[in-house]
Structures are given as C-alpha cells and as structure tokens.
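# Residue-level structure breakdown
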Amino acid sequence: MDAVAPACAATAAAPAGPGQPALVRDLGRQPYAPVWRAMQRFTDARGEDTPDELWVVEHDPVFTLGQAGKDEHVLAPGDIPVLHVDRGGQVTYHGPGQLVVYPLLRLPRLGVGVRDYVCRIEQAIIDTLDEWNIGAERREGAPGVYVGGAKVAALGIRVRRGCTFHGLSFNVAMDLEPFHRINPCGYQGLQVTSVVDLGGPSGMDAVKPVLLDHLARQFGLALQTTPDLPDLSETA
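Residues numbered from 1 in each chain as written. Predicted model: local features only at pLDDT ≥ 70, side-chain atom pairs only at ≥ 80, totals over all residues. Heavy atoms only, no water.

### Concerning the pattern of salt bridges
On inspection of all chains with the given rule, the structure shows 13 salt bridges. We note a salt bridge from Asp60 to Arg29, for which the minimum N-O separation is 2.6 Å. Linking Asp60 in the loop between strand 2 (52-59) and strand 3 (62-65) with Arg29 in strand 1 (residues 20-30), this pair joins segments that are 31 residues apart in sequence. Note on Asp60: relative accessible area 27%, which makes it partly exposed. Here the residues in one salt-bridge network are Asp44, Asp86, Arg158 and Arg160, joined through shared partners. (Salt bridge = Lys/Arg side-chain N within 4 Å of Asp/Glu carboxyl O. Helix = DSSP H or I, 4+ residues; strand = E, 2+ residues; numbered from the N terminus. Buried < 20%, exposed > 50% of the residue type's maximum accessible area, 1.4 Å probe, protein only.)

Rendered as structure tokens:
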C-alpha cells in the first residue's frame, strides 16, 4: 500500500485485552514467488478460527510492482527479475539484508481497521528504530517510515475478507544500489537508507526480535515461534 498514507496518531495504542495467539514462522532466505503464492493459499483457505501468523523472510533479489504499478518506474532492472503482484502500491526492491515481515492477520478479530493497521505497522518500525536512538517518522501521502527524508521501510499490503497478507520491508544491512534502478514506490529521486547506515546494528538477528516484539505490542499478539514452514512448492 504505497498510495495515500492515513492520518495517524503520534502513537497507536495497542488493542486492549489478552494477547491473541499468533504463530511466527521464520522462512530464512527464499525466492519471492513461492512465498507470495503460499500467502495467497493461506489467506484463501483460512477460516474464522484459523490462528494469525507472521512470516519472516529475506528474499532473493527481485523488483515487485503492485496493482497500481507502472512499468515506467522500473528504469533499468538489469539481471534482477520484475514481478507484477497483487499488493497495493508501486514498485519496490527486495533483496538480502532486508527484513521482510508478512502479517497474516484477521483484522475484525483484532478490532483493527485497515487505516489503523497501516499506522500500527509504521509505529512498530518507528519504535524499533528508537531502540537504537534513530529518530524516524511518517510522511504524509507516502506510507512507510523515513529518517531524514530517506526511506528505510516500505509497506505493501492486501486485505481480503478482512484478512491481511503482504506486509513490510525493512532495510537492515543491504546493497541499496538496486533502488537506483527504479523510482522507489513511484517517486523519482526518492532517497533510500538502511539501519546500518543510520548507525544501527548490521545483523538481522539483532533487529528481528525487536521488530517482532513491537508488532506484537501494536496488535495485541501473543507470539509463538514454530519451526514449521508453509508449503512453498509452486504446484501446491
């Protein structure tokens, strides 16, 4: 969802009540397409009582164009593949060193609307960066999280029957050169940065639990880690 940023309170308050159970699946490094298809299958198959999940992944290099994506914003992809996908927004880049989290949540069960959902994800990222004294902010009309005008995290979401898939990408310690091959999120000349370049940690293992903790706080989730992975076979 890289179109119109909702007006957000300075700090989103977490939903009241006991934590809603949610499974965390760490997929490691994976190509984009099998994970995308698995998210679709999970969302299509889930029922009213299906537990929520958060999938954590690093992707092989890929450019993705959202439903409103324009090919003209892909300037020079070179050897990096370009995929048209079913999230909101324009074009972005995924690659090693970028932390991607896909919240697979049933919003009505959490008492959270779509606008608030976007705000809460942004707030979790802002609070994560604050752990390393990195001051981050939103930008009106351009969802995501920014530091000094440079984008450090992007959002691309889809909601179907009240259930979310796709999610957030957070630049931790990655090669940012591919962002120069596109107009990131459809904005010509938009600067992009990473946690390590801002003085934060370079390791994914340092950032991952902090971000997951803040996401859990924002959505009132009780996280339960499982070693089981979703079926990532393309023929499933």
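### Focus on the state of the cysteines
Each disulfide consists of a covalent bond between the sulfur atoms of two cysteine residues. Summed over the entire model, instances satisfying the criterion amount to zero disulfides. Cys163 carries a free sulfur, and the closest cysteine sulfur to it, the one in Cys119, is 20 Å from it. (Disulfide = S-S within 2.5 Å.)

### Topic: empty space enclosed by the protein
A water-sized probe rolled over the atoms picks out the places where empty space is left. One pass over the full model with this rule turns up two cavities of 30 Å³ or more. Along the walls of the largest cavity sit 15 residues, with Arg87, His94, Gly156, Gly167 and Ser169 positioned nearest its centre. Ranked by the residues each element gives to the lining of the largest cavity, the list is headed by strand 9 (residues 163-171), at four residues. Partitioned by chemical class, the residues of the lining of the largest cavity number six nonpolar, seven polar and two charged. The volume enclosed by the second largest cavity comes to roughly 70 Å³. Lining the second largest cavity we find 13 residues, and of these Thr92, Lys151, Ala154, Asn171 and Phe179 sit closest to its centre. Counting residues per element, the ones that place at least two in the lining of the second largest cavity are strand 8 (150-160) and strand 9. Tallying contributions element by element places strand 8 first for the lining of the second largest cavity, with four residues. In terms of residue class, the lining of the second largest cavity is made up of eight nonpolar, four polar and one charged. (1 Å grid on protein atoms, 1.4 Å probe; cavity = no way out; pocket = protein on both sides within 12 Å on 5 of 7 lines; lining within 4 Å. Points joined across faces, edges and corners; volume = space filled by probe spheres on them. Nonpolar A, V, L, I, M, F, W, Y, C, P; charged D, E, K, R; others polar.)

All quantities given are derived from atomic positions and should not be read as evidence of function.
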